[in-house]
Amino acid sequence: MSKTSILVVDDDELFLGVLKTVLEKNGFAVSACGDAQGAEHLFMMSEYDLVLSDIRLNGKISGIDLLSRFKKERPTIPFILMTGFAQIIETIQADSLGANGFLAKPFRQDALVVLIQSILKKEVLPAAEALKDEDYIKLSISDFISGKDIRYDVFVRLNSGKYIKIGNQGEDIPHEQITNYKAKGLNFLYLKKEDFKKYLDFNLKLSSVVTKSKQVDSQKKINFLKHTNELILQKVFTETVDKDLMDQGVTILGSTLEVVSENDDMLGLLEALNSHTDSLYAHSLGVALYSGMIARELSWTSMSTIAKLTFAGLFHDIGKKEIDPAILKKPRANLTPHEVQVYETHAARGMEILSQLKGISTDVMQIVLQHHEYCTGHGYPARLTRSKIHPMAKVISVANDFCKQVIASDSTQPVSPADAIERLLIYPDRYDKTILAALMKLFKFPIPQEFESKRVS
Ligand SMILES: [Fe+2]
């Protein structure tokens, strides 16, 4: 029986030699070629079972051009492209031209052989990893601007269920390249969900807590997260908001919740929020979600910041678990002066509760303590003024007052996002105007001129 023959094209002579050796060792007959014109000539003159080419080749003809020409000539001959982070746009184009597989450089020898064998056997997987949409997390491409190297593998989505790895863990991403992708309209990149959870865990510094914690009952956790998803969809989600930002916000909130619920103490706190009064947990989910979205709208691109904000939003009212539900359920206007005093202790109590857990960042504790401070100095517990309040606490403050209006509580009925913003505008000086303007933008609410030029301070 004759050997399977492969045409390999790469202008890197050394690498071409390595590929030839590896493939021959694995029983293939190999024609190695260092330039596109020579490859075209070979392809026309001989019969090949498969073509493997680098996407970038010296000279005018690229790997994509070869793909296009070869597919026109003999569409059934499989074509694998070797690609990388630098060639995202070309990779997307290559998929539409009928590339049968992609390999992100640098790749392992066994990955190459497995891909070739599966394509030759016509197995279904190969153009992308065999994972489903829900196995990936969509991240704004802006998230990749701040990081010099990629901590995890990065993928581009071609269409439903079809993702291509274009960046390997540990590679550098040149800043100009990202700017270039954005200019060409590529807005999102993807991480595997399991990697994204590790990434969040890293940003929230929860790993030290997790290792010391007792084992979490996985069924309990699954039930709780399912209930949480339902709450988000029924009570927190609102249709008028920017859809892409909402998708990203829900994704980040969902992953944060999964990370948090891996830890028995944290899951205990979430359950305490959920069982204390009917509305406390839904409110906390809303504040976490909208804080993250406001931060995005403010172009705060650091994932570490968004992760801390989402976490702080989730636990900002955790101090309320120590307050009598009878006080929490009363409308504020009906509280006695003593009850007001007790109610207002929840900010400091929250910080205290979180400080007892190892690994919670000081930013998060400050945010929780300050989430009722107003820029005018009329908030509590410390009556701080504008410049003394933590910038992230100012975001939580806006999200908190907004969510009090749009999510039903024990004493109030929900109103529309537009009506909620109108109510916040009754006392606009309480809030940082840039942050309030970001909330308005999220809901396409017309922004008064006085809000346009302010900066978060
Ligand atoms: Fe609060």
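So, here is what we can say about the structure in this document. The model shown is predicted, which means the values in this text are computed figures rather than measured ones.

Digging into the state of the cysteines
A complete count under the given rule lists zero disulfides for this structure. In this model Cys375 remains outside any disulfide bridge; the closest cysteine sulfur is found in Cys403, 18 Å from its own.

Here's the deal with the packing of aromatic side chains
One pass over the structure, following the stated rule, counts 12 aromatic pairs. Note on Tyr290 and Phe402: the rings are 5.4 Å apart at their centroids and 80° apart in plane angle, and the pair reads as edge-to-face. Taken as a pair, Tyr290 in helix H13 (residues 280–297) and Phe402 in helix H19 (residues 391–406) lie far apart in primary sequence, 112 residues in all. Here Tyr290 falls in the buried class, since its relative accessible area comes to 0%. With 5.8 Å between their ring centres and 85° between their planes, Tyr374 and Tyr431 make a pair best called edge-to-face. Highlighted residues: Tyr374 in the loop between helix H18 (362–370) and H19 and Tyr431 in the loop between helix H20 (417–424) and helix H21 (433–442), separated in sequence by 57 residues. A relative accessible area of 12% places Tyr374 in the buried class.

As for the nonpolar core
When a protein is soluble and globular, its nonpolar side chains tend to lie buried together. Membership of the largest hydrophobic core comes to 119 residues, with the highest contact counts inside it found for Tyr290, Ile294, Phe315, Leu354, Phe402 and Leu439. Setting aside anything within four residues of it in sequence, one finds Ile294 in contact with Val395, Val398, Ala399, Ile435, Ala438, Leu439 and Leu442. Judged by nonpolar contacts, the second largest core, of 19 residues, contains Leu16, Val22, Phe28 and Leu112.

Quick notes on the environment of Thr376
Here Thr376 is to be found in the loop between H18 and H19. The class of Thr376 is partly exposed, set by a relative accessible area of 32%. Sequence spacing of Thr376 and Ser291 is 85 residues, and the spatial spacing of their C-alpha atoms is 21 Å. Filtering out sequence-adjacent residues up to four positions away, Thr376 remains in contact with Thr385, Asp429 and Arg430. Within the local environment of Thr376, its side chain forms a polar contact with the side chain of His378, the two groups lying 3.1 Å apart.

Brief notes about the pattern of salt bridges
Scanning all chains against the criterion turns up 20 salt bridges. Of the charged contacts in the structure, one is a salt bridge between Glu339 and Lys330, with a shortest N-O distance of 2.9 Å. Exposure remark for Lys330: the relative accessible area of 32% places this residue in the partly exposed category.

Let's talk about helix H2 (residues 36–45)
Taken together, the buried positions of H2 are occupied by Ala36, Ala39, Glu40 and Phe43. On an axial view of H2, the arc spanned by its buried residues comes to 100°, and they lie on one face. Looking at H2, the residues exposed on the side facing more than 90 degrees away from the buried face are Gln37, His41 and Met45. On its buried side, H2 packs onto strand E1 (5–9), strand E2 (29–33), strand E3 (50–54) and helix H3 (63–73).

Here's the deal with the packing of helix H10 (residues 218–236) against helix H12 (residues 264–276)
Taken N-terminus to C-terminus, the directions of H10 and H12 make an angle of 45°; their axes are 12 Å apart at the nearest point. With respect to each other, H10 and H12 are oriented oblique. When you trace H10 past H12, the crossing you get is left-handed. Listed contacts from H12 to Lys220, Lys221, Phe224, His227 and Leu231 of H10 are Asp264, Leu267, Leu270, Glu271 and Asn274. Of the residues belonging to the contact of H10 with H12, the class tally is four nonpolar, two polar and four charged.

Definitions and limits used
- Residues numbered from 1 in each chain as written.
- Predicted model: local features only at pLDDT ≥ 70, side-chain atom pairs only at ≥ 80, totals over all residues.
- Heavy atoms only, no water.
- Disulfide = S-S within 2.5 Å.
- Phe/Tyr/Trp six-rings, centres within 6.5 Å; stacked < 30°, edge-to-face > 60°.
- Helix = DSSP H or I, 4+ residues; strand = E, 2+ residues; numbered from the N terminus.
- Buried < 20%, exposed > 50% of the residue type's maximum accessible area, 1.4 Å probe, protein only.
- Core = buried A, V, L, I, M, F, W, Y, C linked by side-chain atoms within 4.5 Å.
- Contact = heavy atoms within 4.5 Å.
- Polar contact = N/O pair within 3.5 Å; in protein donor to acceptor, adjacent residues only side chain to side chain.
- Salt bridge = Lys/Arg side-chain N within 4 Å of Asp/Glu carboxyl O.
- Arc of directions from axis to C-beta.
- Axes fitted to C-alpha atoms, helices over the stretch in contact; angles between N-to-C directions.
- Parallel < 35°, antiparallel > 145°, perpendicular 65-115°, else oblique.
- Left-handed = near helix turned anticlockwise from the far one by under 90°.
- Nonpolar A, V, L, I, M, F, W, Y, C, P; charged D, E, K, R; others polar.

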